[in-house]
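Coordinate inspection notes
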Amino acid sequence: MPVTDVQQNLDNLTLTITAEFAAPVARIWQVYADPRQLEKVWGPPSYPATVVDHDFTPGGRVNYFMTGPEGDKHAGYWQITAIDEPSSFSFDDGFADLDFNPTQALPVSRNVYAFTENNGGTRATYVGTYASAEALQQVLAMGVVEGATSAINQIDDLVSGR
Amino acid sequence: MSEATEDQADALFHALADRTRRDILRRVLAGEHSVTKLAAKYDMSFAAVQKHVAVLEKAGLVIKRRSGREQLARGDVEAVRSVASMLTGLEQIWRGRITRVDELIASELDQED
């Protein structure tokens, strides 16, 4: 597993995950700078992501939706706040309707992704700070619903002998 | 599990085992909706949608309140989780993404060989 460290800060609702990848920093940067690569890593296999807009510049927007097993679509956005290629980028993220209008006035979390050279590979640090316990609950509840959906579909497949 | 917990689990799975109810739940988790507005999203009667919302409410997933003539529904996730377990849940989602970055890079290295 490439994850080397996980820090949870319960006071300011921050999750920090450190991972090491066997590829140079410029290569890892490309995963986020290229919409076709980003969509390969963002959604789980049962909820693949489609990146529709990808303005990877300060002030730019990345708009995406995820498609569930029944064709149901769930949209989200990144509002890019800083880009320092290839070392780091920052964005606020939130939920959106299918026209990519944010469904809430405030973003759900602020995120900083940073990459440093490490023995020929890359050490990546992902930091997400959630606006409130409610925001965190919302993101997670979405994930739980997605997880429950795929679990239920697996059961469906099993009992129907597919 | 106690019988009450079993009953709660049954209600939860029953509530989630329906496509329309999962869709309603996602909408009301993202923000409070009036049942009337929800009903307009589906090709079914208001009464049918109202019934789906009632099943979600019984399972403890949705909270309903009245505002004038409107019934408003929102997802209730507070009851279920502490902040710590939420961060752990989130960690699982992030770990999934990191694993996929790793696989993406590894698949290229294989092709180069």
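A quick note: this is a predicted structure, and the numbers were derived from the prediction, not measured.

Focus on the overall build of chain A
A count of helices and strands for chain A gives three helices and eight strands. Listed N to C, the secondary structure of chain A is β-β-α-α-β-β-β-β-β-β-α in terms of helices and strands. When burial is assessed residue by residue, chain A has 30% of its 162 residues classed as buried. In chain A, 36% of the contacts between residues at least 6 apart in sequence involve partners at least 24 apart.

So, the pairing of strand S1 (residues 3-9) of chain A
Residues and elements named next belong to chain A. For S1 and strand S2 (residues 14-21), the ladder comprises six bridges, and the chain directions are antiparallel. Bridge pairing in S2 links Val 6 to Ile 17. Between S1 and S2, which pair antiparallel one after the other, the connecting turn spans four residues, and Leu 13 there sits at a positive phi close to 55°.

Observations regarding the sheet that holds strand S3 (residues 70-75) of chain B
Residues and elements named next belong to chain B. Taken in spatial order, the three strands of this open sheet run S1-S3-S2, and their pairing is antiparallel. Taken across any chain shown, the strands that pair with only one partner, and hence form the sheet edges, are strand S1 (33-34) and strand S2 (62-67). Alignment of S1 against S3, held across two bridges, turns out to be antiparallel. Bridge assignment links His 33 to a residue of S3, and that residue is Ala 73. Most of the contacts of helix H2 (residues 19-29) go to S3, to which it runs at about 90°, and overall it touches S1, S2 and S3.

As for the interface of chain A and chain B
One frequent convention defines the size of an interface as the accessible area lost when the parts assemble. Listed per partner, the contact involves 39 residues of chain A and 32 residues of chain B. Elements represented by at least two residues in the side of chain A that touches chain B include exactly S1, S2, helix H1 (25-33), helix H2 (35-42) and helix H3 (133-159) of chain A. Ranked by the residues each element gives to the side of chain A that touches chain B, the list is headed by H3 of chain A, at 13 residues. Residues that form the side of chain A that touches chain B fall into these classes: 26 nonpolar, nine polar and four charged.

Points about the packing of H2 of chain B against helix H4 (residues 46-58) of chain B
Axes are the key here: two packed helices are described by the angle between their axes and the distance separating the axes. Residues and elements named next belong to chain B. As a packed pair, H2 and H4 sit with axes 10 Å apart at the nearest point and diverge in direction by 75°. For the element pair H2 / H4, the angle class is roughly perpendicular. Residues Thr 20, Arg 21, Ile 24 and Leu 25 of H2 pack against His 52, Val 53, Val 55 and Leu 56 of H4. Its residues assigned to classes, the contact of H2 with H4 comprises five nonpolar, two polar and one charged.

A word on the confidence of the model for chain A
Residue and element names in this part refer to chain A. Summarising the model, chain A shows a mean pLDDT of 85, and 86% of its residues fall at 70 or more. When the criterion is pLDDT under 50, residues 151-156 qualifies, and its contacts beyond four places in sequence or with other chains add up to three contacts. A low-confidence stretch, residues 158-162 stays under pLDDT 50, and its non-local contacts, those more than four residues away or across chains, total one contact.

Regarding the pairing of S2 of chain A
All names here are of chain A. Burial of S2 is one-sided: the residues Leu 15, Ile 17, Ala 19 and Phe 21 facing one way are buried, the residues Thr 14, Thr 16, Thr 18 and Glu 20 facing the other way are not. Sheet topology note: the S2/strand S8 (residues 121-130) ladder contains eight bridges and is antiparallel. Bridging from a neighbouring strand, Ala 19 pairs with Ala 124 of S8.

Each value, and the rule that gives it
Residues numbered from 1 in each chain as written. Chains lettered and ligands numbered in written order. Predicted model: local features only at pLDDT ≥ 70, side-chain atom pairs only at ≥ 80, totals over all residues. Helix = DSSP H or I, 4+ residues; strand = E, 2+ residues; numbered from the N terminus. Buried ≥ 20, exposed ≤ 12 C-beta atoms within 10 Å, placed from the backbone. Contact = placed C-beta atoms within 7 Å. Pairing = 2+ DSSP bridges. Axes fitted to C-alpha atoms, helices over the stretch in contact; angles between N-to-C directions. Nonpolar A, V, L, I, M, F, W, Y, C, P; charged D, E, K, R; others polar. Parallel < 35°, antiparallel > 145°, perpendicular 65-115°, else oblique. pLDDT = per-residue confidence, 0-100.

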